[in-house]
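# Examining the three-dimensional arrangement
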Amino acid sequence: MNRGLNYIASFVGLILLQLLVFNNIQLSGYVNPYVYVMFILILPLNIPSWILLLISFMTGFVVDLFSGTFGVHTFATVMAGFARPWVLSLNVALEASDPGSSPSSHIGGRRWFMIYAMTVVLVHHLSLFYVEVFSFTGFFRTLLRVMFSTAVTTFFIFIFDLLRPRK
Amino acid sequence: MRSLLNFLLRFKTLILFLILEAVALVMISSSHNYHQYVTFGAARTVSGFFANKLENGRSYFRLKQINQQLVTENQILRRQIEEMRLLPQAEFVTVTDTLRGSGYSYLSATVINNSVNKQKNFITLDRGSRHGVTTGMGVASAEGIAGVIVGVSRNYSVAMSLLNTDFRLSASISRNDYFGSLAWDGKNYRFAQLSEIPHHVAVTPGDTLVSSGYSAIFPEGLVIGTLTGEQKKGGDFVTLQVELSADFKKLTNVYIISNLSRDERDTIEAEVVNE
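## Focus on the overall build of chain A
Broken down by element type, chain A carries seven helices and zero strands. For chain A, the succession of helices and strands along the chain, N to C, is α-α-α-α-α-α-α. Residues counted as buried form 42% of the 167 residues belonging to chain A. Of all intrachain contacts in chain A linking residues separated by at least 6 positions in sequence, the fraction that spans at least 24 positions is 67%.

## Section: the overall build of chain B
The number of helices and strands found in chain B is six helices and 12 strands. Buried positions account for 30% of the 275 residues belonging to chain B.

## Let's talk about the sheet that holds strand E1 (residues 104-114) of chain B
Residue and element names in this part refer to chain B. Here we have six strands rolled up into a closed barrel, ordered E1-E2-E5-E4-E3-E12, and antiparallel in their pairing. On average, adjacent strands in this sheet sit at an angle of 45° to one another, irrespective of strand direction. Here four bridges tie strand E3 (residues 138-141) to strand E12 (residues 253-259), and the two strands are oriented antiparallel to one another. Within E12, the residue paired with serine 141 across the bridge is valine 254.

## A word on the sheet that holds strand E8 (residues 191-198) of chain B
Residue and element names in this part refer to chain B. If you walk around this closed barrel you meet the six strands as E6-E7-E8-E11-E10-E9, and the pairing is antiparallel. Averaged over all neighbouring strand pairs, the angle between strand axes comes to 45°, with direction disregarded. Strand direction decides the pairing type here: E8 and strand E11 (residues 237-244), joined by six bridges, are antiparallel. Bridge pairing links alanine 192 to valine 242 in E11.

## Digging into the confidence of the model for chain B
Residue and element names in this part refer to chain B. When the pLDDT values of chain B are averaged, the result is 80; 85% of them are 70 or greater. Note that residues 34-39 has pLDDT below 50 and, in this model, 10 contacts with residues that lie over four places away or in other chains. Counting contacts from residues 90-96, a segment whose pLDDT is below 50, to residues more than four positions away or on other chains yields zero contacts. Scored by ipTM, the complex comes to 0.84, with pTM at 0.64.

## With respect to the interface of chain A and chain B
At the interface, 24 residues of chain A touch 28 residues of chain B. Sorting the residues of the side of chain A that touches chain B by element identifies helix H1 (2-20), helix H3 (49-67), helix H4 (72-88) and helix H6 (110-133) of chain A as the ones contributing at least two each. A per-element tally of the side of chain A that touches chain B places H3 of chain A first, with six residues. Partitioned by chemical class, the residues of the side of chain A that touches chain B number 14 nonpolar, eight polar and two charged.

## Thoughts on the packing of H6 of chain A against helix H7 (residues 139-163) of chain A
Residue and element names in this part refer to chain A. H7 packs onto H6 with a crossing angle of 140° between their chain directions and a minimal axis gap of 8 Å. In terms of axis orientation, H6 runs oblique to H7. The two elements H6 and H7 meet at a crossing, and its hand is right-handed. Contacts between H6 and H7 involve Phe113, Met114, Ala117, Met118, Val121, Leu122, His125, Leu126, Phe129, Tyr130 and Val133 from the former and Thr142, Arg145, Val146, Ser149, Thr150, Thr153, Thr154, Ile157, Phe158 and Asp161 from the latter.

## Digging into the environment of aspartate 266 of chain B
Its place among the elements puts aspartate 266 of chain B in helix H6 (residues 262-274). Here the alpha-carbon distance between aspartate 266 of chain B and serine 215 of chain B, two residues 51 residues apart in the chain, equals 9.8 Å.

## Quick word on H4 of chain A
The end-to-end C-alpha distance of H4 of chain A, which contains 17 residues, comes to 25 Å, matching closely the 24 Å that a straight helix rising 1.5 Å per residue would cover. Phenylalanine 82 of chain A marks where H4 of chain A bends most, by close to 25°; the proline proline 85 of chain A follows one to four residues later. Burial analysis of H4 of chain A places 12 of its 17 residues in the buried class, which makes it a mostly covered element. Taken residue by residue, H4 of chain A has Val72, His73, Thr74, Phe75, Ala76, Thr77, Val78, Met79, Ala80, Gly81, Phe82 and Arg84 of chain A as its buried positions. Of the surrounding elements, those touching the buried residues of H4 of chain A are helix H2 (38-41), H3 and H6 of chain A together with helix H2 (12-30) of chain B.

## Observations regarding unusual backbone geometry
Residues and elements named next belong to chain B. Phi angles above zero are rare outside glycine, and aspartate 177 is one such case at about 65°. Looking at where aspartate 177 falls in the secondary structure, it is placed in the loop between strand E6 (169-173) and strand E7 (179-183). For aspartate 177, a count of 9 C-beta atoms within 10 Å puts it in the exposed group. A positive phi angle, close to 65°, is found at glutamate 196, a residue other than glycine. Summarising the element assignment, glutamate 196 is placed in strand E8. A residue is classified by how many C-beta atoms lie within 10 Å of it, and glutamate 196, with 16 of them, is partly exposed.

## So, the confidence of the model for chain A
Caution applies to low-pLDDT regions: their predicted coordinates should not be interpreted in detail. With 89% of its residues at a pLDDT of 70 or more, chain A shows a mean pLDDT of 85. Within chain A, the element-level pLDDT minimum falls on helix H5 (residues 105-108) of chain A, averaging 82, and the maximum on H2 of chain A, averaging 93.

## Let's talk about the nonpolar core
Residue and element names in this part refer to chain B. If you look at the biggest cluster of nonpolar residues, it comprises 46 residues, and the most contacted ones within it are Leu125, Val139, Ala146, Ile149, Ala159 and Val242. A per-element tally of this core places strand E4 (residues 145-152) first, with six residues. With near-sequence residues (within four places) excluded, alanine 159 lies in contact with Phe122, Ile123, Leu125, Val139, Ala146, Gly147, Val148, Ile149 and Val150.

## Points about the environment of methionine 79 of chain A
Residue and element names in this part refer to chain A. Following the sequence through the fold, methionine 79 ends up in helix H4. You can call methionine 79 buried: it has 24 C-beta atoms within 10 Å. Residues methionine 79 and serine 127 lie 48 residues apart in sequence; the distance between their C-alpha atoms is 7.4 Å. Ignoring sequence-local partners within four residues, the contact set of methionine 79 consists of Val123, His124 and Ser127.

## Examining the pairing of strand E5 (residues 157-164) of chain B
Residue and element names in this part refer to chain B. Counting buried positions over the eight residues of E5 gives eight, a clear majority of the element. In this sheet, E5 lies alongside E4 in antiparallel orientation, the contact comprising five bridges. Bridge pairing in E5 links valine 148 to methionine 160. Between E4 and E5, which follow one another and run antiparallel, lie four residues.

Rules used in this analysis
Residues numbered from 1 in each chain as written. Chains lettered and ligands numbered in written order. Predicted model: local features only at pLDDT ≥ 70, side-chain atom pairs only at ≥ 80, totals over all residues. Helix = DSSP H or I, 4+ residues; strand = E, 2+ residues; numbered from the N terminus. Buried ≥ 20, exposed ≤ 12 C-beta atoms within 10 Å, placed from the backbone. Contact = placed C-beta atoms within 7 Å. Pairing = 2+ DSSP bridges. Axes fitted to C-alpha atoms, helices over the stretch in contact; angles between N-to-C directions. pLDDT = per-residue confidence, 0-100. Nonpolar A, V, L, I, M, F, W, Y, C, P; charged D, E, K, R; others polar. Parallel < 35°, antiparallel > 145°, perpendicular 65-115°, else oblique. Left-handed = near helix turned anticlockwise from the far one by under 90°. Expected span 1.5 Å × (residues − 1). Bend = angle between axes of the 7 residues up to and from the residue. Core = buried A, V, L, I, M, F, W, Y, C linked by C-beta atoms within 7 Å.

See the structure below:
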């Protein structure tokens, strides 16, 4: 029960952080960090994949609602939620840890968490930026935006992860 | 039947994934209808509230710059007053024209949310239906045109920014009155593109681009930007690069412009077109 409350708090916290702080960061039009993706990253290891998809959908929907972009974030978060189990299955060492625990650098190591976060964020940003442009004109420009933003988002998620209380 | 059920159970994640993505795509394709934006009024009131609080804090850091802009604008207006005073008195004939009214009216507003980094940018303003704002009104800052109101709630309104790939505006080159269609290509927030300009038009870098007044949203002659001289040929027309005079990253104080005779104009234009 306590854990459920924790997740609700981090959901609200990350969404507010995104809307109030990160949506206002517009460095040269190339860097748009979307740190709220972290919520999808930190859901428990043993969460059933269909629940994960529904939660991802809801997360994107809420962000869409408040930023006036209908479905763009929803599409990207569902994509990220679908990719997460695949990325997690790449690390066999995780099976030794408590199945209910949340993926973090404390249980999988910093290097692993960095790669895990970056992969899911990349999937999210790729679908987000290309769906937003809704065409492949300016393909490389969009790709550049994806790369820069992925790097910055991953950086912030990594920092936030280090700040999480160790259990 | 059982094998079908087994199949569905086995691929339930994939099927759910496809359904959710389909829903998202339907949402995206329906969002091209901007009136949809209005139906989420409740959500906008909440985010508008937060944006307003945030803007209150942020504007303190820009007070000096905002003052500077206002002083510059005052200076221009004062100069115009002086110029008018110097005109021969005979030209000041007062005509009581009750039918035309005064043309356009201006309402000051503060930008409380704005972006320049998306393909479809919107500007949220702290004025709503309570202040008489309706959709289709123009938004301009002292420097230049900024957008058009597309959604109104009680206390807030949302304008489609000029930096929105769906934005179109009829604009003319003030030196020779040739007009074309202004749009943004979604690349650089400092530049927009003026298309449909015939080949033979001589373009000088630095020429001012103004609103043509054909759209009934903005009065004629409102500054939009200057031509950079860069041009792209395609078919019978050229597309010119325009440096926008308004810096959308610093947009703070704007005017909402309403055309007082718009209804009348729209009615007659619609009547003629329908025949």
